Amino acid sequence: PEFTHQFYHWSSSAIGFFLSIISIGMLPVNFLVAVVASFFSDRKLLLCAEIFAVVGVLCMLSYNGSAPIIYLYITGTLLVYSSTIVMESVSMSLLSKKIPPSMSRGTCNAGLLATQAGSFGRFIGNMLITIYGGMLGGHLNSLTKIVHFDWAMYGTLSLMGLLTTVYTVAVFKRLRTV
């Protein structure tokens, strides 16, 4: 959604509608995760979500110096958004299985810590977007600047996602759930 106005000339209303539609999709995705979790282990779900997130980010890249194909961009956005929801659900499931009973009581419990960690992650993500925007000239007023920003942001996300997936595969057999 960061580039839809510049790439596809979407209005603010269209961007807001798109974001609301994918946000509404969070409930069915969480329900689907709950159903699928009874057939597959948490670590398999986590690995699949990581792979889908990388594929989604790769779909959002501009490969020919112009706007990505709109269907690929929308598909990539949906894959990344859904994958992050799946990863969050699986992470909370793993956390609930591994947390000591003493951390489940009181005000400063595991739920609060998980919420704070998620908020910190969103903060860091927003700061990285701001830093990338500043490094590439601040205002994204030309197609060249937008494509450079697209590669800086989504290229970095692709690399980080790929490294995370490689790490998950490397330690896959040692990841245990109770």
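See the structure printed just above.
Reading the values: the criteria
- Residues numbered from 1 in each chain as written.
- Predicted model: local features only at pLDDT ≥ 70, side-chain atom pairs only at ≥ 80, totals over all residues.
- Heavy atoms only, no water.
- Helix = DSSP H or I, 4+ residues; strand = E, 2+ residues; numbered from the N terminus.
- Buried < 20%, exposed > 50% of the residue type's maximum accessible area, 1.4 Å probe, protein only.
- Contact = heavy atoms within 4.5 Å.
- Areas by Shrake-Rupley, 256 points an atom, 1.4 Å probe, with all protein chains shown as cover.
- Expected span 1.5 Å × (residues − 1).
- Disulfide = S-S within 2.5 Å.
- Axes fitted to C-alpha atoms, helices over the stretch in contact; angles between N-to-C directions.
- Parallel < 35°, antiparallel > 145°, perpendicular 65-115°, else oblique.
- Left-handed = near helix turned anticlockwise from the far one by under 90°.
- Nonpolar A, V, L, I, M, F, W, Y, C, P; charged D, E, K, R; others polar.
- Arc of directions from axis to C-beta.
- Patch = residues over 30% accessible without salt bridge, like charges linked within 9 Å, V, L, I, M, F, W, Y side chains within 5 Å.
- Salt bridge = Lys/Arg side-chain N within 4 Å of Asp/Glu carboxyl O.
- Phe/Tyr/Trp six-rings, centres within 6.5 Å; stacked < 30°, edge-to-face > 60°.

Caption draft 1: Local environment of the overall build of the chain. What the chain contains, in helices and strands, is seven helices and zero strands. Considered along the principal axes of its C-alpha atoms, the chain spans approximately 55 × 35 × 30 Å. For the chain, with 178 residues in total, the buried portion stands at 27%. Residue pairs in contact within the chain that sit at least 24 positions apart in sequence constitute 70% of those at least 6 positions apart. Per element, the accessible surface of the chain, about 11200 Å² overall, is 72% carbon and sulfur.

Caption draft 2: Representation of helix H7 (residues 143-170) within the structure. With 28 residues, H7 extends 39 Å between its outermost C-alpha atoms, agreeing within 8% with the 40 Å of an ideal straight helix rising 1.5 Å per residue. Every buried residue of H7 is listed here: Ile-146, Val-147, Phe-149, Asp-150, Ala-152, Met-153, Tyr-154, Ser-158, Thr-165 and Thr-168.

Caption draft 3: Summary view of the state of the cysteines. Scanning the model with the defined rule gives zero disulfides in all. Between Cys-48, a cysteine without a disulfide, and Cys-59, which holds the nearest cysteine sulfur, the sulfur-to-sulfur distance is 16 Å.

Caption draft 4: Summary view of the packing of helix H2 (residues 12-24) against helix H5 (residues 70-98). The interhelical angle for the contact between H2 and H5, taken along N-to-C directions, is 40°, at an axis separation of 10 Å. When the axes of H2 and H5 are compared, the pair comes out oblique. Pair H2 / H5 crosses with right-handed handedness. In this structure, H2 uses Phe-18, Ile-22 and Ser-23 to contact H5, whose residues at the interface are Ile-74, Thr-77, Leu-78 and Tyr-81. Considered class by class, the residues forming the contact of H2 with H5 number five nonpolar, two polar and no charged.

Caption draft 5: Broad picture of H2. In this model H2 runs 18 Å from its N-terminal to its C-terminal C-alpha over 13 residues, within 8% of the 18 Å that 1.5 Å per residue would give. For H2, the set of buried residues is Ile-15, Phe-18 and Ile-22. Relative to the axis of H2, the buried residues are bounded by an arc of 60° and lie together on one face. Exposed positions of H2 whose direction lies more than 90 degrees from the buried face are Ser-12, Ser-13, Phe-17 and Ile-24. For H2, the elements touching its buried residues are helix H1 (4-8), helix H3 (26-36) and H5.

Caption draft 6: Layout of the side chain of Ser-62. On the secondary structure map, Ser-62 appears in the loop between helix H4 (42-59) and H5. Non-local contacts of Ser-62, meaning those with residues more than four positions away in its chain, are made with Ala-67, Pro-68, Val-147, Asp-150 and Trp-151.

Caption draft 7: Broad picture of a nonpolar patch on the surface. A cluster of nonpolar side chains, namely Phe-120, Phe-123, Ile-124, Met-127, Leu-128, Ile-131 and Met-135, defines an oily patch on the protein surface of about 670 Å² accessible area. Looking at the element boundaries, Phe-123 is found in helix H6 (residues 110-135).

Caption draft 8: Here's a closer look at the packing of aromatic side chains. The full count for this structure, using the stated rule, is five aromatic pairs. Geometrically, the ring pair formed by Tyr-8 and Trp-10 is tilted, given 6.3 Å between the ring centres and 45° between the ring planes. For Tyr-8, a relative accessible area of 16% translates into the label buried. Classification of Trp-10 by relative accessible area gives buried; the value is 17%.

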